[in-house]
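Summary of structural features
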Amino acid sequence: MKVKTILVSQPEPKVENSPYFDLIDRQKVKIDFIPFIHVEGVSGKEVRTQKVDLTKYTAIILTSRNSVDHFFRIAEELRFKVPDSMKYFCQSEAVAYYLQKYVVYRKRKIYVGKRTFTELSPLIKKYKNEKFLLPSSDKLKPEVPTVLNELGVNWKQSIFYRTVVSDLSDLRNVYYDILVFFSPSGIESLLQNFPDFKQNDTRIAVFGNTTVKAATDNGLRVDIQAPTPETPSMTMALEKYIKEVNKK
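Description of the structure in this document. Position numbers for residues count from 1 along each chain, tracking the sequence in the order it is written. Per-residue local features of the predicted model are confined to residues with pLDDT of at least 70, and side-chain atom pairs are confined, for both listing and counting, to 80 or more; whole-chain, interface and lining totals are unaffected and use all residues. No hydrogens and no water enter the side-chain calculation; it runs on all heavy atoms of the structure.

A separate point is the sheet that holds strand β2 (residues 30–33). DSSP-based pairing: two strands are paired if at least 2 bridges between them are found. A run of DSSP states H or I qualifies as a helix once it reaches four residues; a run of E qualifies as a strand once it reaches two. Both are numbered from the N-terminal end. What the five strands build is an open sheet, ordered β2-β1-β9-β10-β11; its pairing is parallel. The open sheet has two free edges, formed respectively by β2 and β11 (224–226), since each of these has just one partner strand. With direction set aside, neighbouring strand axes in the sheet form an average angle of 15°. In the sheet, strand β9 (residues 178–181) pairs with strand β10 (residues 203–207) via four bridges, with the strands oriented parallel. The residue bridging Phe181 from the neighbouring strand is Val206, located in β10. Working rule for contacts: check all heavy atoms of both residues, and any pair within 4.5 Å makes them a contact. Every axis corresponds to a line fitted to the C-alpha atoms, with the helix fit spanning only the stretch in contact, and the corresponding angles, defined between N-to-C directions, vary from 0 to 180 degrees. Relative to β2, helix α1 (residues 19–27) is tilted by about 155°, and along the sheet it contacts β1 (5–8) and β2. Each of β1, β9, β10 and β11 touches helix α9 (residues 234–246); the most contacted strand, β11, lies at about 150° to it.

Structure, rendered in structure tokens:
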């Protein structure tokens, strides 16, 4: 079965040089971007019910751009002026760069990991006497609390936003050759929206081991997987697969 159409369960990239656009040009395929999940912020009142007093923390752990947005949203809603002395521990360069939307970067204490949360842990350990707040979604990767507990630091998680299944009813009678997923929540959204979903000839591409597990646990066949040593990105995995099946 040749590949002509792909649905990526994420928002369309905002950068012009996205590898997805290169993939469209090179392989002459149609790619649509539709988020299967979206984020909704919780209220400041709800954060208070979690017994979180922002004045008690000296360091913030930021794992995503969403955590940055919602930390500062809640701070504003609760009329908390974030002190200049606050330390920020960012999981990746992308998160640290995004922090500039809210703070003057060079005047703040910002510590940056490489990519995974485990890679951030040596920096957290170095400042283990701080009081850490982890603003997060209701779907937190299990490695995060495990790492923090192993470090023995004083930390608290607070849910500042939730991951919510999007309404995909517009897609009920639309079919794609490949569906692309990046999280277990995306798989959950597919099956909540379409409980009678039959995979048939639809190919499923997944990113990450937890997404693979979510797909297979729900009886789906995984045809394309990333990252692998040969294809570290989803676009590389898609291109490799498309080249193989479209030349037949």
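Time to look at the packing of aromatic side chains. Two aromatic rings are characterised by how far apart their centres lie and by the angle between their planes. Stacked, tilted and edge-to-face pairs are distinguished by plane angle, under 30 degrees for stacked and over 60 for edge-to-face with tilted covering the rest, among Phe, Tyr and Trp rings (Trp via its six-membered ring) whose centres lie within 6.5 Å. Summed over the entire model, instances satisfying the criterion amount to eleven aromatic pairs. For the ring pair Phe21 and Phe33, a centre distance of 6.4 Å and an interplane angle of 75° mean the geometry is edge-to-face. One end of the pair, Phe21, is in helix α1; the other, Phe33, is in strand β2, and twelve residues separate them in sequence. Working definition: with a 1.4 Å probe on protein chains only, accessible area under 20% of the residue-type maximum means buried, over 50% means exposed, and in between means partly exposed. A residue is classified by how much of its surface remains accessible, and Phe21, at 21% relative accessible area, is partly exposed. Since its relative accessible area comes to 15%, Phe33 is described here as buried. Here Phe72 and Tyr102 contribute two aromatic rings whose centre-to-centre distance is 4.6 Å and whose plane-to-plane angle is 5°, an arrangement assigned as stacked. With Phe72 in helix α3 (residues 65–77) and Tyr102 in the loop between α4 (93–98) and β6 (109–112), this pair connects stretches of sequence that are 30 residues apart. On the basis of relative accessibility, which here comes to 33%, the residue Tyr102 falls in the partly exposed class. Clustering of aromatic rings is evident, with ring pairs tying together Phe71, Phe72, Tyr88 and Tyr102. Lying across the ring of Tyr98, Arg65 places its NZ or CZ 5.9 Å from the centre. A ring is considered to have a charge above it if a Lys NZ or an Arg CZ atom is located within 6 Å of its centre and within 35 degrees of its normal.

Another point: the sheet that holds strand β7 (residues 131–137). Sheet architecture is open: six strands sit in the order β3-β8-β7-β4-β5-β6, paired in mixed fashion. Of all the strands in the sheet, just β3 (37–41) and β6 have a single pairing partner and so form its edges. Within the sheet, the average angular offset between the axes of one strand and its neighbour, ignoring direction, is 25°. Looking at chain direction, strand β5 (residues 87–90) and β6 are connected through four bridges and run parallel. Across the sheet, the residue bridging to Tyr88 is Ile110, located in β6. Helix-sheet contacts for α3 involve β3, β4 (59–62), β5, β7 and β8 (154–165), and the interaxial angle to β8 is about 105°. Relative to β8, helix α6 (residues 143–151) is tilted by about 175°, and along the sheet it contacts β4, β7 and β8.

Limitation: the analysis is restricted to geometry and does not speak to function.
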